[in-house]
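# Close look at the chain arrangement
Spelled out from the first residue to the last, the chains are:
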Amino acid sequence: HNHDLSDRRTTRKTHQFHLKRRGAKILYDIKAGGKQIYVDPAYLNMAHKEEDEIKNVISEKVQPIVGRALGTDKASIEMSQRFIAAIWDPTLPEAKIFIDAFKISENEIANIFGAWKGVSFYQQQFHRNRVVIAQVLQWLKSDLSKPIDARAVKPYLPQMDMHKNTVQKKMMNILGNINQIFKDFDGCYDTFINDGNPAPFRNFLVTSHFRYWILGYCCTALIHCQNTFTRYMDNSIKNQLTFEQTTEMLTHLDTTLSSQATTSKQLA
């Protein structure tokens with residue numbers, strides 16, 4: 001299905017983060033036969049603002065971790081900033097703080113840091129977009145979703161209501177999966193900080209590959225839905241659409257969510 005430019009830019013940023021996290025090279029294979037294409041470095045570069053936002057998300061959790069590793073109530077801002085720098089560059093000496101605190105081997109640290117950055121990226125992204133996502137759900141449940149020309153298409157309205165309910169359920173399923181991953185993530189962190197047991201948080205990050213990709217798929221689907229909704233509302237009359245416009249939008253939303261909902265159910 002076709003997405004507008006904002007969709008493609010958002011998807012590009014998301015996949016760019018996946019590639020950067022996995023250490024993708026600028027020149028990479030696109031076929032098993034070895035055919036290669038050149039990717040402009042600008043396509044893979046993350047804006048400094050985005051990187052700073054992710055660092056801010058991580059920094060909220062860093063000070064207690066560093067403090068526990070050093071045996072103090074809280075770590076200095078300077079030490080915490082040095083530790084955050086080590087998350088972006090595991091070769092820095094401060095990475096040893098994390099190794100000691102989480103009781104892990106050095107060969108695990110790059111994957112753990114990558115998972116932490118990845119989950120934090122989606123936490124920041126989801127927090128930024130959740131208001132508009134809530135607006136989509138509210139609109140689907142409201143009288144505004146009733147077509148302007150409802151009288152002329154009255155026989156088809158029950159079918160449209162069923163379609164709206166289907167889209168709502170798929171959105172709620174995806175939201176449920178996202179919230180469950182964040183709940184697990186925060187719960188493991190709290191166990192570490194409050195009980196002094198690093199194992200759950202460490203294990204979450206070490207084994208988060210599957211959940212990390214589910215998180216990416218779900219967040220990307222919701223962003224596509226958000227952009228689709230915004231595009232149609234820009235052409236609405238006081239946030240109401242015609243029957244044809246509503247049917248078209250619901251089809252786009254359903255297609256986007258269907259490609260994600262089947263996979264996200266595997267998380268349960």
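Refer to the preceding data block for the structure.
Residues numbered from 1 in each chain as written. Predicted model: local features only at pLDDT ≥ 70, side-chain atom pairs only at ≥ 80, totals over all residues. Heavy atoms only, no water.

### Things to note about the overall build of the chain
So the rule is basically this: Strands here mean DSSP runs of E at least two residues long; helices mean DSSP runs of H or I at least four residues long; both are numbered from the N terminus. Relative accessible area decides the class of each residue, using a 1.4 Å probe on protein chains only: under 20% of the type maximum gives buried, over 50% gives exposed, and in between gives partly exposed. Any two residues whose heavy atoms approach within 4.5 Å at even a single point are treated as in contact. Each accessible area is a Shrake-Rupley estimate made with a 1.4 Å probe; only the visible protein chains count as cover when residues are assessed.
Counting secondary structure elements, the chain contains 10 helices and two strands. Going from the N terminus to the C terminus, the chain shows its helices and strands as α-β-β-α-α-α-α-α-α-α-α-α. Among the 268 residues that make up the chain, the fraction classed as buried is 44%. Of the contacts made within the chain by residues no fewer than 6 positions apart, 74% connect residues no fewer than 24 positions apart. Of the accessible surface of the chain, which amounts to about 14,700 Å², a share of 52% is contributed by carbon and sulfur atoms.

### Remarks on helix H7 (residues 157–195)
This is how the line gets drawn: In this scheme, a helix's expected span is set at 1.5 Å multiplied by one less than its residue total.
Across its 39 residues, H7 extends 55 Å between first and last C-alpha, which sits within 8% of the 57 Å expected from 1.5 Å per residue. Following H7 by one or two positions, glycine 196 adopts a phi angle in the positive range, close to 75 degrees.

### Structural notes on the packing of aromatic side chains
Spelled out, the test is: Only Phe, Tyr and Trp rings are paired, with Trp represented by its six-membered ring, and only when their centres lie within 6.5 Å; those with planes under 30 degrees apart are stacked, over 60 edge-to-face, the remainder tilted.
Per the stated rule, a full pass over the model turns up nine aromatic pairs. On the numbers, 6.0 Å between centres and 50 degrees between planes, the contact of phenylalanine 126 with phenylalanine 182 is tilted. Placement of the pair is phenylalanine 126 in helix H6 (residues 109–141) and phenylalanine 182 in helix H7, with a sequence separation of 56 residues. Each of the two residues, phenylalanine 126 as well as phenylalanine 182, counts as buried.

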